[in-house]
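Listed below are the residues making up each chain.
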Amino acid sequence: MKFRIPRGTADLLPGQVEKWQYVEEKARELCRRYHFSEVRTPLFEQTELFQRGVGETTDIVEKEMYTFEDRGGRKLTLRPEGTASVVRSFVENKMYAEPQPTKLYYIGPMFRYERPQAGRQRQFHQYGVEVFGTLEPSVDAEIIDLGYRFYTSVGLTDVQVELNSVGCPQCRPEHRAALVDYLTPRKEELCKDCLSRLDRNPMRILDCKNESCRRLTEEAPKMIDYLCHDCGPHFEAVQENLKLLEVPFRIDTRMVRGLDYYTQTAFEYVLKGKGGGSLGGGGRYNGLVEEVGGPDMPGVGFAVGLERVILALDEKGVELPLQQGVDCFLITLGAEAKKQGVTLLRKLRDAGLSAERDTMDRKMKGQMKAADRLKASFVAILGENELKENRIGVKNMATGHQETICLDKLVDYIREARKS
RNA sequence: GCGGCCAUGGCGAAGUGGUUAACGCACCGGAUUGUGGCUCCGGCAUUCGUGGGUUCGAUUCCCACUGGUCGCCCCA
């Protein structure tokens, strides 16, 4: 075989793609109800947008970006996440000048150069939402609720929300100092990754999975104990609103998200149980709009990984209510019937029914088999005999019941039968 | 980016240093006249991820590459 799909990408084939459509439809429908509007931004942006937006020291920027130069010498990067692009668009299109808040969502592919694994692709897909312009903690909660509802609406009922506050530029330095003071005397016990995190980003040490680091940070200063007079009450209010919305959550003081732009609220959706992988996450980013060149305007949002949602659905054995099979398979016998079948098929389709026929020149039996394979609800049989009387046979494939009806009644017959 | 495991037809999967590469599923055709899901019969890999090497001879041994997969890192 000459050509192969690029590493870390996947073809979504019939049988699988229906699940995606279903999940995406749920996302769109929820967004409609929560009054979010879709935004579609380019799949690539100036490299610098992500460097600045996502953060120079993040893994994404340091080693995972698909960066290239175009023929005009411009440095471009395939978007590794959605927020930076949406913020850019928000600023560039001066949406900040309109009545706030601005509520946007997106669904689409993202790109990160990583080693592929289950639930990790180089081209993967995210559904994300962003709200700009409001500091209201109830909006943080609303967003968390929306994400949570998304999971439950597709059938993932055992999703846990993990919540934390990562503070703001006001209070973070104090916590950072306390954390460094606490850890420095014990730095021999840190793993090598965390040793370097000690100066670069000590907060990340808190969610290191290394056992020794975990033990060490058990008693370490927690960000939530250092929250300032803005962040503290904000965090409390988010929790209060989550309770009002009956979103089950758990405070995880170790959770620190990997992107630099988060302030205050940070959250993650994880699957309960042993696997417990992350299905999505998000948080507030009050400095990002300004960082990207806009006014000082706050934002909050989440992103969910669609691959992981589909994977979780498969693992949990969730049956999606997908429509399957055609409404009517038209069998024709003989040249004249075949000819009439062409327009008959169109009539069925015009009426909104899904209809198919044999184009492999199969005989009666073969056509029946084909109809069965396509899970046809009905088979319409048009042969010489029927043609003579201007009638047509209709067989209910589930019951086996068959009758002959007037040719013009076929569409109505099937449309009626489909309702029940 | 690092480490382990793996790579045979559309899918699943056996197999051997040497002139036919099991089997199951799927698919195609047939089992008297125009009827599916069951059964029966027949067909379906000049070829064993790619490229080198060892050998008289490799799908089977060695190496590299590519890809998959699991763990780590990180995340969606």
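Residues numbered from 1 in each chain as written. Chains lettered and ligands numbered in written order. Predicted model: local features only at pLDDT ≥ 70, side-chain atom pairs only at ≥ 80, totals over all residues. Heavy atoms only, no water.

Whenever I open this one, the overall build of chain A confuses me. Can you help?
Scanning chain A for helices and strands turns up 15 helices and 16 strands. Over its C-alpha trace chain A gives a radius of gyration of 28 Å, far above what one expects of a compact globule, namely 22 Å for 420 residues. Its C-alpha atoms give chain A principal-axis dimensions of roughly 95 × 55 × 50 Å. Counting all 420 residues of chain A, 49% fall into the buried class. Long-range pairs, those at least 24 residues apart, make up 68% of the contacts in chain A with a sequence separation of at least 6. In chain A, 63 positive and 64 negative side-chain charges are present, and the distance between their average locations comes to 7 Å. (Helix = DSSP H or I, 4+ residues; strand = E, 2+ residues; numbered from the N terminus. Rg over C-alpha atoms; globule rule 2.2 N^0.38 Å. Buried < 20%, exposed > 50% of the residue type's maximum accessible area, 1.4 Å probe, protein only. Contact = heavy atoms within 4.5 Å. Lys, Arg positive; Asp, Glu negative; His and termini not counted. Charge placed at Lys NZ, Arg CZ, Asp CG, Glu CD.)

Explanation requested: the protein's contact with RNA strand B in the structure shown.
Taken together, the neighbourhood of RNA strand B is formed by 45 residues, with R197, R204, G258, K363 and N385 sitting nearest. Backbone atoms, meaning sugar plus phosphate, form 50% of the atoms of RNA strand B positioned within 4 Å of the protein. Contact between RNA strand B and N385: a base oxygen at 2.3 Å from a side-chain N or O atom of the residue. In the environment of RNA strand B, a base nitrogen lies 2.8 Å from a nitrogen or oxygen atom belonging to the side chain of E386. (Near = heavy atom within 4 Å. Polar contact = N/O pair within 3.5 Å; in protein donor to acceptor, adjacent residues only side chain to side chain.)

What exactly am I supposed to notice about the sheet that holds strand β10 (residues 278-284) here?
Strand order in the open sheet made by the eight strands is β1-β5-β6-β11-β10-β9-β7-β8, with mixed pairing throughout. The open sheet is flanked by β1 (37-38) and β8 (249-251), the only strands paired with a single partner. For β10 and strand β11 (residues 299-305), the ladder comprises five bridges, and the chain directions are antiparallel. When the bridges of β11 are listed, G280 appears paired with V304. (Pairing = 2+ DSSP bridges.)

Sorry if this is basic, but what is going on with the pairing of strand β14 (residues 378-382) here?
In regular strands, side chains alternate between the two faces of the sheet. For β14, the tally of buried residues reaches five of five residues, placing the bulk of the element in the interior. Neither face of β14 is left uncovered, since the one carrying F378, A380 and L382 and the one carrying V379 and I381 both have all their residues buried. Taken together, the four bridges between β14 and strand β15 (residues 391-396) define a ladder with antiparallel strand orientation. Residue pairing for β15: I381 is matched across the bridge by G393.

Explain the packing of helix α5 (residues 137-154) against helix α11 (residues 306-316) to me, please; I cannot follow it from the model alone.
In helix packing, the relevant descriptors are the interaxial angle and the interaxial distance, both defined with respect to the helix axes. As a packed pair, α5 and α11 sit with axes 11 Å apart at the nearest point and diverge in direction by 40°. Judged by the sense of rotation from one axis to the other, the crossing of α5 with α11 is right-handed. Judged by residue contacts, F150, Y151 and V154 of α5 engage L306, V309 and L313 from α11. (Axes fitted to C-alpha atoms, helices over the stretch in contact; angles between N-to-C directions. Left-handed = near helix turned anticlockwise from the far one by under 90°.)

Looking at this structure, how should I read the nonpolar core?
Soluble globular proteins tend to bury their nonpolar side chains together. The biggest cluster of nonpolar side chains holds 93 residues, and the ones touching the most others in it are Y127, F150 and Y269. Not counting residues within four places of it along the chain, the set of residues in contact with F150 comprises V23, A27, L30, Y127, V304, L306 and V309. By size, the runner-up hydrophobic cluster in this structure holds 19 residues, among which are A337, L353, I405 and L407. (Core = buried A, V, L, I, M, F, W, Y, C linked by side-chain atoms within 4.5 Å.)

Sorry, what's going on with the sheet that holds strand β2 (residues 44-46) here?
If you trace the three strands from one edge of the open sheet to the other, you get β2-β4-β3, paired in antiparallel fashion. Edge positions in the sheet fall to β2 and β3 (66-69), since each of these pairs with one other strand and no more. Pairs of neighbouring strands in the sheet enclose a mean axial angle of 35°, with direction left out of account. Pairing between β2 and strand β4 (residues 75-78): three bridges, direction antiparallel.

Just to check I follow, could you spell out the pattern of salt bridges for this structure?
Between side chains of opposite charge, pairing is possible as soon as their charged atoms come close. In total, this model carries 24 salt bridges according to the counting rule given. Between K63 and D59 there is a salt bridge, with its nearest N and O atoms 3.6 Å apart. One end of the pair is K63 and the other is D59, both in helix α3 (residues 59-64) and four residues apart, which spans about a single turn. Taking the relative accessible area as the measure of exposure, K63 reaches 56% and is therefore exposed. Put simply, R418 and D327 hold a salt bridge, and the shortest N to O gap is 3.1 Å. Residue R418 is found in helix α15 (residues 410-419), and its partner D327 is found in the loop between α11 and β12 (328-332); the two are separated by 91 residues along the sequence. When its relative accessible area of 43% is taken as the criterion, R418 is described as partly exposed. (Salt bridge = Lys/Arg side-chain N within 4 Å of Asp/Glu carboxyl O.)

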